[in-house]
Each structure stands twice: as C-alpha cells, then as structure tokens.
Amino acid sequence: MRITVTVNGQPYERDVEPRLLLTHFLRDELDLTGTHWGCDTSNCGVCTVQLDGVPVKSCTVLAVMADGHEVTTVEGLEKDGELDAVQKGFVECHGLQCGFCTPGMLLTARWLLDNKPDPDEGEIREAISGQLCRCTGYENIVRSIRWAAEAEAKS
Amino acid sequence: MSFGRMHRKEDARFIRGRGTYVDDVKLPGMLHGAILRSPYAHARIVSIDTSAAEAHPKVKAVVTGATLAGLNLAWMPTLSNDVQAVLATDKVRFQGQEVAFVVAEDRYAARDALELIEVEYEPLDAVIDARTALDAGAPVIRDDLEGKADNHIFDWQAGDRARTDELFERAEVTVAQDMLYPRVHPAPLETCGALADFDKVTGKLTVWCPTQAPHAHRTLYAMVAGLPEHKIRVISPDIGGGFGNKVGIYPGYVCAIVGSIVTGRPVKWMEDRSENLMSTSFARDYHMHGEIAADRDGRIKAIRVKVLADHGAFNGTAQPTKFPAGFFHVFTGSYDLEAAHCEVTGVYTNKAPGGVAYACSFRITEAVYLVERLMDVLAAELGVDPAELRMRNLLKPDQFPYTSPTGWEYDSGDYPKTLRLALDMAGYDELRAEQAAKRARGELMGIGISFFTEAVGAGPRKHMDILGLGMADGAELRVHPTGKAVLRVSCQSQGQGHETTFAQIVGNELGIPADDVEVVHGDTDQTPFGLGTYGSRSTPVSGAATAVVARKVRDRAKLVAAAMLEASPDDLEWQDGKWSVVGDPSTAKSLAEIALAAHSNLELPEGVEGHLDAVTVYNPPNLTYPFGAYICVVDVDPGTGQVKVRRFVAVDDCGVRINPMIVEGQVHGGLADGVGMALMQVMAFDEDGNHLGASFMDYLLPTSMECPSWELGETVSPSPFHPIGAKGVGESATVGSPAAVVNAVVDALAPYGIRHADMPLTPANVWRTIDGRPFRTDLAIS
Ligand code: FES
Ligand code: FES
C-alpha cells in the first residue's frame, strides 16, 4: 500500500506491506533508529512515539494507520540545534543508563509537560507507568522530568 | 581532580536517538535470520522437512542441526566445560530450544518461512522439578554425553564440615529454613541478537553483537568455528542493558555466522522477547536448606547449607572454573562466626540453560538472600529485634582484613557504622512504634533489613579463569602530542557509563580534564584482551588497569619532564596534576607540555623510547568487598495480599566513588530489581515444561508505580587492594535488596505466626500464605 506519513515535520511516501508495524517503518524504511523495539506484547514502551501529538506504542500501530498523520520521534525533539528541555533534564539528572528506554520516555515526558506543565511526582510516575526501564529504577527519570518542568517554567 | 559528579559523555548520543544498538546496524546486502524453536520440553526429533521453507521466494537458506553436523558445528562448548546444541540433532531438551534457522530477505519473510518447516517430534517425559532430577528412573536428559545415565552435574562443597557439625551439636539454639530462590530472568529491554559478516576473500569474520565480553566471544568463536582468531573481529556496539544476560554465546549467534558463511552475505538475527525469556541465560533457581547455630543471646556460631541447583538442560553457567556454585560460599555474609559449611548439587532439568546472570555477582544474590532470611528466622526464634541481632554479630572494623570461615579475605569496612546510618536514616525506632500501633489496629506493616557483603572484581588469575582464560584485564593509553588521551579497555558498558568514569580515572591520574580522554571499548580489533563486564568487575579490574596504565604514563612523563628541566627525576614532585622541581612551582610542566616534548627532538632520557603511550595487564591481587545496609518498609493489604513498598533506605559502601551520580544510578536500578524479584518476577513452568513466563504479560517487571522514591546514603571504606580504593557497585543493590523486601513482607505477616514465604510475593502468594496455604509447600529438600 502507498502511504504518506509526516515524520518530524517531513512527509515520506512509501509503498509498504499492510502488516508492517510503524516501529519497523520508522527504523527500517526511514532509518530513524532512535525508536526501539523491545517486546511482542505492547508492554515495554521503548517503541513510544507521538502520533498527532499523543504518545503511542509504535509496535502496536500499523504503518498504514499512520497514513496522513504526523509522527514525532526522538530525532525530532531537538529544534534548530537546541535540545528540548526534557533532553536536557535527562542529562542533568542522570535519567538514562543504557539509553534503550530513553527515546520513548522523552516523548512521553514531552507530551506530559505539553499538557501539564507542572506535574507532581505521582503524575509523572503515572505518565511513564506504561514504559519499562531496567536500569534507572525510575527515580532519576522522575527527577529529570521535574527538572524539565522547572526549567520551562523559568524560561 | 576529576573524581566527582560529572554529566555522562555518552548521553549526548542517547538523548538524540543516535545510539547504535546491534539492530541499528545495517550492511549492504544484509539478510535476516529467524529461529524455529521446540514446542516441547523434551522430545526426540523424528524428522525435519524444510522443503516448503526453501521454496519460499524470499528465503536464501535453511540450516538445520544436520547441516551443522556436516560442518562439525552442531554442538558448541559452554562456559562451564559442557556442550550445548546449536541446533538440535537428536532431541530437544527444553521448550524454546533452537531447531532450525532460516535466512531470508527481510525479517517478516524469515518468520513466515518458519511456519513452513515441518518437524515431527516424539514427546518424552520431562524433568521439570529439580528435586526429582536424581530420582531413580528419571528420564535421562543428556544421553548425548557418553555413558551418562542420570541427571547429575556436580557435587561441590566448601567450609569445614566437621567443625560446623560439632558447633551445631553443642548449640543452644538452632533454626532451619527451606527456601527457593526462584528462576528469574534479567530481561534487558534490548533482546539479544547478532549481525555476522563473513568476507570470503579476506577470510575475515566480523560479528556485531551486544556482548558484555567481546574478547571472550572472539576466542570462543575461534574455538567453536575453527576460524583463526586474528581473522575474527567482535564489535559490541551500544548495549540496551545486559545484567548478565549478554555474557555467553547463544546458538543464534553461531547460526548468524553460519548463515553468513553459507550465503556469502551479512546476516542479522534478532531475538523476539519470547525467545529472549525462553532460551537465554536465566538466573538463580536455587533450592536451599539453611541452618544457623547460635547461643541464647543471639551470637551466631555456625551456618550450614545444602543447595540443589537447577542448571537446565546444558550446564552453561558463567563463572570461574574452580567454582561450580559461583561465589555462593561467601554466604557467611557480614557476620563473625566460627565455622560454616555448604554442599551444592547441580542437576540437569528440561529447562533453558544458564543460572549465573542477572547482576548476581556469581551467586552472591542467593548467598545474601539465604543468610539474611536466616537471620530474621533466628531473630523471630529468639524474640530479638532483627537490627539488634545483626548489630551483635556484624564483623568489627578491627577484624579487617578478615578471613571468612569459607576462605574469603574481606578487604575493609566499618559495618556497624553503615548499619547505624541506615537505621538513623530510616528512623527505625519510630517505624517500630508506628508498626506496633498499626498492629494493634489490625493493619499489616513490615520493616525488613538486609546487610550484605559482596565479593567482586574476579579475579586473581591464580584462582580464577573462564575456560582457561585468566580473569585479568588489559588497558592501553595513548597520549597524543597535544596532551589529549585515548584509553582502550576490554570491558564493555551496558549503561554503566564507562566512557565517563574511566575518563575520570585517567584525568585524575594525569591532571587533565576527563573531557580530554576518549574511551574506546567494545571492539576487539581496537582494544586489548580482557574478560569483560559482569560480576561487577569493570571498576575493580579494568578500572584498576586504567589507573595503573595512567600511572605508567605519569612515571614516563616524569622522566621526560626531568629532561626538559635538566633536573634529576628524583628532584621532581607531582603537584596539582603537573611535574615540577620540588619546592619550585614555577617549573611545573603539564601533561600537554610533556607530551609534546616526548614527541619532539628533545634528547630522551634512559627508559623512554619516545612518546608517553603505555600498556598494562592488571591481575587483581584480591577481590574487593562492597557492602551495605538496606531497610525496606512495606504495607500489606490483609484483604488482597497486595504489598506496597512504601520506603527503601539503602546505604552502600563501595569504597571510593569515582562519579557519585553514576554510583547512585547503579544502586537505584538494582533496588528496582530487588523489588521486582521479591514481588513479581518469576519464570514458572507447568509440569510438562511449558514456560509460563514467556512474555512481559506473564513475566512481570516493576514499573514506576511499584518503585518508591529511593533514599540513599553512603559510607566510604577504600579497598586496600585497588589502586584508587574503589570496590565496584554495579550489582550491589540487586544482590542486597531482595532480602530486605522479603524480610519486610514476612515481618508484616508476623502476627499470623509466619516466618518465611518464598518469592515472588505476589498478592496471590501473600494471600495464600496468610491463609495458611503457602504457594509452595513442597519445597523441602532436607
Ligand atoms: S516494543 Fe514493547 S511496547 Fe512496543
Ligand atoms: S536506561 Fe536502560 S532501560 Fe532505561
């Protein structure tokens, strides 16, 4: 099937199998390998991207379902050479170790702050609760997102 | 100058999605592999028909055990001197075992073709419960081994049996407890996989693979495939978490190599999650019977342990050769006692091979869990507070270096101080008062303590090798003419931040910023030999090698500086990161100045060939012994059995901290592991050997909701056996925390007269335990 998906502001037209997962479309067709894959059952969330501004697990979306829609991946967070506040927060607060869950966490964090600029710890924990991290014990991810919220409040 | 909190250098790529994990690597003409796996735990293979798969238009090759047997590759050595089937030829021995390998143009087509392979099996009775493995008449799993008529792998013991038995006979009080440390899986979020590229013209094989031990892999590939070792290059790119899951060589890696040799094109094979959980290195699966002998004031005299170890269908544990039970015999823990003895029996079962993985420091997780559970059982028996019981028995600072009853030489520590700090941070007395008030109201609150001592940094090559390869690590340091440095090390980070901390070690030794040091790792063509990153050995071994090689550079720099200053080297001192004439700071020469001189036409002194570069191999004189005191507070819902971890206080002593931020991150991750193992993670099987935890729907991992906000503290006891006094910390929290959580839950259940419950303490298990019908009533092995 022929589809057109806008990814990080740029439209891509491709011919794809109907069964192709969005995560494989991004990784294999567009070489956007920042979006990862980690499970067969929609549990881990390392594949999280934003579809029309809302976090989705891209292993659970078919590429054809994204036809005519806008996708944001981790590669789209940095704008004009300026890192997004959530990216800065993760560096600042050691919110990542192996980095495998990080892109998905960043996109959920961005969505959270867009909709709730001043989330408390409980709200942050709930927002990322559909995504696993095996390295950080979540503590520093929570702090990183708080850091970003505070940084954005100041600017 | 370079120790301390510093942002990680590696973050710049990861936060931009620019990391390079194995599945991100693409080569021109690359094909994709997929593995057909056994649906049975134990079955004879009658026939395999691959014709329909071969006829698939996108399929390039189908490989079976028979193909491999023709190449003498059907079996490969394991890390424990056993063999493991690459692709099954005679029988399948666990559910999920590798049976056939398909190479196709894309990953979807490879999977489609698996459906087209017809395998006829003759199912056999399976051995699932390790306690039945040695029964007369049990099905023999390893009939491939000549003369093998049972499922026995090894018997092993440590300590002084006679003295221990004597102390037990005379003891005023003894307690005993059966416990199972269930089978768990490290489940890093990136699964395992490999991309193999064999160049027929040059004969060079390049394997991209997320391995924690790239050099060991290279040597093993040379042994398995008979390829010359200098023609093998293993590249371990960024790794999406390892935790011991990525130490060994899996059949899929060998299949990818064979696929590339057969097709003449690069072949990538990536596991899916079920494959990862069903077939790659699990951890634990120790059935333990522990006993403590003590006097009536709670002074421990002796500990005695029997273990039945389930090693699965092939003995593939990764640990130093001399120690088939890993470092389990460090089970006397942090306590001063007179004698101890353990005996361990390893058996085959129809389950996946492995056993030493998941941040266990070679089975110290099991050891700490055992002794810390026993301490609580003894405390309950004596009616003594568990904190007080530990205080009475902890080793005292003046006993270090301390030789334990099972032969370990502990390096340093002030254990009572560390426990006291944890108790203060937790507000222990207030917590006990709160608990008493809650109990009076029928509410269940529990406080659990765990005090652990680890033994990491394997290890002295005299005692420690894996497959004959001594566990020493190399390091190379190059200093460019402008004073910037490149460090090459053999270990491989899976998130531990070596690119940052190792640069800090060099910076600290040479007086240059860590940012001026590039760390190269994970590529066997670029780095010196070493055994890799597991068992918390990077900082204790490769980190030590790094400090030593940097000191060699510094010593050489001293000779050059002396020549520059026309002074005697004996008159020079190292001050503020520079060499200067004693008492004359105006003569100070920085590393950059000296490096340039070493490359110039300056007449070089005796002992300097030119340049400042140095290499070393570090053979650790001893292990290092990180330790810590953990306190967990839980609330248990008596109606549902739901456990809520309310607080977790962790005081770690890992010696000198190179980068405290990274140390804390390591501890956080391990604490989450402890909560996960104690409360939810288990790889269960039904009686036919069907895997009941083969996806993240069934194998539950802790999320942000189950984890509390961790409260960390520190004490610092530098290790005298390490050049910078560091001890390593990667696995401390995974080793120490499960016991704290379980002790807390059991403490919460004390009003019901409960003294023990096995992990995982899921709501159902807790509820059944309260109800007097604990989930595993049949655990006793004594
Ligand atoms: S890959 Fe695990 S949720 Fe998408
Ligand atoms: S940083 Fe490794 S999984 Fe989150």
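Residues numbered from 1 in each chain as written. Chains lettered and ligands numbered in written order. Predicted model: local features only at pLDDT ≥ 70, side-chain atom pairs only at ≥ 80, totals over all residues. Heavy atoms only, no water.

Caption draft 1: Structural detail: the overall build of chain A. Counting its regular elements, chain A contains five helices and five strands. Each helix and strand of chain A, placed in order from N terminus to C terminus, yields the pattern β-β-α-β-β-β-α-α-α-α. Compactness check: chain A gives a C-alpha radius of gyration of 15 Å against a globular reference of 15 Å for 155 residues, within 12% of the reference. Projecting the C-alpha coordinates of chain A onto the three principal axes gives extents of approximately 45 × 35 × 25 Å. Taking all 155 residues of chain A together, the buried fraction comes to 58%. If you sum the accessible surface of chain A, you get close to 5,900 Å²; carbon and sulfur atoms cover 48% of it. For chain A, the centre of its 14 positive side-chain charges and the centre of its 25 negative side-chain charges are spaced 4 Å apart. (Helix = DSSP H or I, 4+ residues; strand = E, 2+ residues; numbered from the N terminus. Rg over C-alpha atoms; globule rule 2.2 N^0.38 Å. Buried < 20%, exposed > 50% of the residue type's maximum accessible area, 1.4 Å probe, protein only. Areas by Shrake-Rupley, 256 points an atom, 1.4 Å probe, with all protein chains shown as cover. Lys, Arg positive; Asp, Glu negative; His and termini not counted. Charge placed at Lys NZ, Arg CZ, Asp CG, Glu CD.)

Caption draft 2: Region of the structure containing helix α15 (residues 591–599) of chain B. All names here are of chain B. Taken together, the buried positions of α15 are L591, I594, A595, A597 and A598. Seen end-on, α15 carries its buried residues on one side only, within an arc spanning 165 degrees. In this structure, the buried side of α15 is in contact with β24 (473–479), α13 (498–510), α14 (538–565), β28 (578–581) and β29 (584–589). (Arc of directions from axis to C-beta. Contact = heavy atoms within 4.5 Å.)

Caption draft 3: Representation of the side chain of K438(B) within the structure. Residues and elements named next belong to chain B. For K438, the position within the fold is in helix α12 (residues 428–440). Given the relative accessible area of 15%, K438 is considered buried. Residue contacts for K438: discarding those within four places in its chain leaves E443, M445, D635 and R646.

Caption draft 4: Region of interest: the sheet that holds β29(B). Residues and elements named next belong to chain B. Reading across from one edge, β27-β28-β29 is the order of the three strands in this open sheet, with antiparallel pairing throughout. The open sheet is flanked by β27 (572–575) and β29, the only strands paired with a single partner. For this sheet the average axis-to-axis angle between neighbouring strands, irrespective of direction, equals 40 degrees. As paired elements, β27 and β28 share four bridges and run antiparallel to each other. Each bridged residue has a counterpart across the sheet, and for E573 the counterpart in β28 is S580. (Pairing = 2+ DSSP bridges. Axes fitted to C-alpha atoms, helices over the stretch in contact; angles between N-to-C directions.)

Caption draft 5: Expanded view of the UniProt feature "domain: Aldehyde oxidase/xanthine dehydrogenase a/b hammerhead" (unreviewed entry) in chain B. The feature "domain: Aldehyde oxidase/xanthine dehydrogenase a/b hammerhead" (unreviewed entry), as given by UniProt, occupies residues 16–125 of chain B in the numbering adopted here. The span residues 16–125 of chain B is 17% helix and 37% strand, and its two end C-alpha atoms sit 52 Å from each other. (UniProt positions renumbered as here; feature names shortened; annotations may be inferred.)

Caption draft 6: View of the sheet that holds strand β33 (residues 711–714) of chain B. Residue and element names in this part refer to chain B. The four strands lie next to each other as β21-β31-β32-β33, forming an open sheet whose pairing is mixed. On the outer flanks of this sheet lie β21 (444–453) and β33, each paired with one strand and no other. Geometrically, the sheet is characterised by an average inter-axis angle of 15 degrees between neighbouring strands, direction not taken into account. Note: strand β31 (residues 627–636) against strand β32 (residues 643–653), 10 bridges, orientation antiparallel. For V633, the partnering residue across the bridge sits in β32 and is R647. Against the sheet, α12 engages β21, β31 and β32, with an angle of about 145 degrees to β21.

Caption draft 7: Region of the structure containing the domain arrangement of chain A. All names here are of chain A. By domain assignment, chain A separates into domain 1 (2–76) and domain 2 (85–154). A straight line from the C-alpha centre of domain 1 to that of domain 2 covers 21 Å. Each partner contributes to the interface: domain 1 provides 17 residues, whereas domain 2 provides 14 residues. Carbon and sulfur atoms make up 63% of the surface buried where domain 1 meets domain 2, a total of about 1,100 Å² over both sides. Its largest share of buried area at the contact with domain 2, domain 1 owes to H36, Q50 and V74, together 36% of the area lost on that side. For the interface between domain 1 and domain 2, the tally reads four residue pairs in polar contact (both at pLDDT 80 or more). When contributions to the side of domain 1 that touches domain 2 are tallied by element, the ones reaching two or more residues are β3 (48–51) and β4 (54–57). Of the residues assigned to the side of domain 1 that touches domain 2, the class counts are seven nonpolar, nine polar and one charged. (Domains from an automatic or database assignment. Buried area = accessible area lost by both parts, 1.4 Å probe. Polar contact = N/O pair within 3.5 Å; in protein donor to acceptor, adjacent residues only side chain to side chain. Nonpolar A, V, L, I, M, F, W, Y, C, P; charged D, E, K, R; others polar.)

Caption draft 8: Representation of the pairing of β32(B). Residue and element names in this part refer to chain B. In terms of burial, β32 is largely enclosed, as eight of its 11 residues are buried. Two strands pair when backbone bridges link them, and β32 and β33 are joined in this way by four bridges, in the parallel orientation. Following the sheet pairing, V649 is matched in β33 by E711.

Caption draft 9: Spotlight on the nonpolar core. All names here are of chain B. F328, V344 and F696 are the most contacted members of the largest nonpolar core, which has 206 residues in total. At 11 residues, the largest contribution of residues to this core is made by helix α9 (residues 364–382). Not counting residues within four places of it along the chain, the set of residues in contact with V344 comprises F154, D155, W156, Y286, V307, A309, A325 and F328. The next biggest cluster of nonpolar side chains, apart from the first, holds 37 residues, and it includes V479, V517, A550 and V553. (Core = buried A, V, L, I, M, F, W, Y, C linked by side-chain atoms within 4.5 Å.)

Caption draft 10: Up close: the environment of L389(B). Mapped onto the secondary structure, L389(B) falls in helix α10 (residues 386–393). The exposure class of L389(B) is buried, given its relative accessible area of 0%.

Caption draft 11: Main features of the pattern of salt bridges. Residue and element names in this part refer to chain B. A full pass over the atoms with the stated rule returns 74 salt bridges over all chains. Close ionic contact of R646 with D635 constitutes a salt bridge, the shortest N to O distance being 2.9 Å. With R646 in strand β32 and D635 in strand β31, this residue pair connects regions lying 11 residues apart in the sequence. A residue is classified by how much of its surface remains accessible, and R646, at 28% relative accessible area, is partly exposed. For E711, the salt bridge goes to R647, with nearest N and O atoms at 2.8 Å. With E711 in strand β33 and R647 in strand β32, this pair connects stretches of sequence that are 64 residues apart. Among the residues examined, E711 registers a relative accessible area of 25% and is labelled partly exposed. Among the charged side chains, a salt-bridge network with shared partners connects R44, D82, D90, K91, R93, R142, D143 and D144. (Salt bridge = Lys/Arg side-chain N within 4 Å of Asp/Glu carboxyl O.)

Caption draft 12: Region of the structure containing the side chain of T108(A). All names here are of chain A. Relative to the assigned elements, T108 resides in helix α3 (residues 102–115). Looking at T108, the relative accessible area reads 3%, which means it is buried. Those residues in contact with T108, other than ones at most four positions away along the chain, are T48, P55, A127, I128 and Q131.

Caption draft 13: Molecular detail of unusual backbone geometry. Along the chain, A458(B) connects to G459(B) via a cis peptide bond; the corresponding omega equals -25 degrees. Relative to the helices and strands, G459(B) resides in the loop between β21 and β22 (465–466). Across the junction of M759(B) and P760(B), the peptide omega takes the value -5 degrees, indicating a cis bond. Topologically, P760(B) is positioned in the loop between α17 (732–748) and α18 (763–770). For H94(A), which is not glycine, the phi dihedral falls at a positive 55 degrees. Classification of H94(A) as buried rests on a relative accessible area of 1%. Of note in this structure, F362(B) is not a glycine but carries a positive phi near 55 degrees. Along the chain, F362(B) falls in the loop between β18 (354–355) and α9. On the accessibility criterion, F362(B) (4% relative accessible area) is buried.

Caption draft 14: Representation of the domain arrangement of chain B in the model. Residue and element names in this part refer to chain B. Domain boundaries assigned for chain B yield domain 1 (11–124 + 190–240 + 246–279), domain 2 (365–455 + 625–770) and domain 3 (472–618). Residue-level contacts link 18 residues of domain 1 with 18 residues of domain 3. When domain 1 packs against domain 3, the two sides together hide about 1,400 Å² of surface, and 47% of this comes from carbon and sulfur. Of all residues in domain 1, the largest losses of buried area upon contact with domain 3 belong to Q212, H215 and R233, amounting jointly to 42% of the total for that side. Applying the counting criterion to the domain 1 and domain 3 interface returns four salt bridges. For R13, the salt bridge identified is with E499, shortest N-O distance 2.9 Å.

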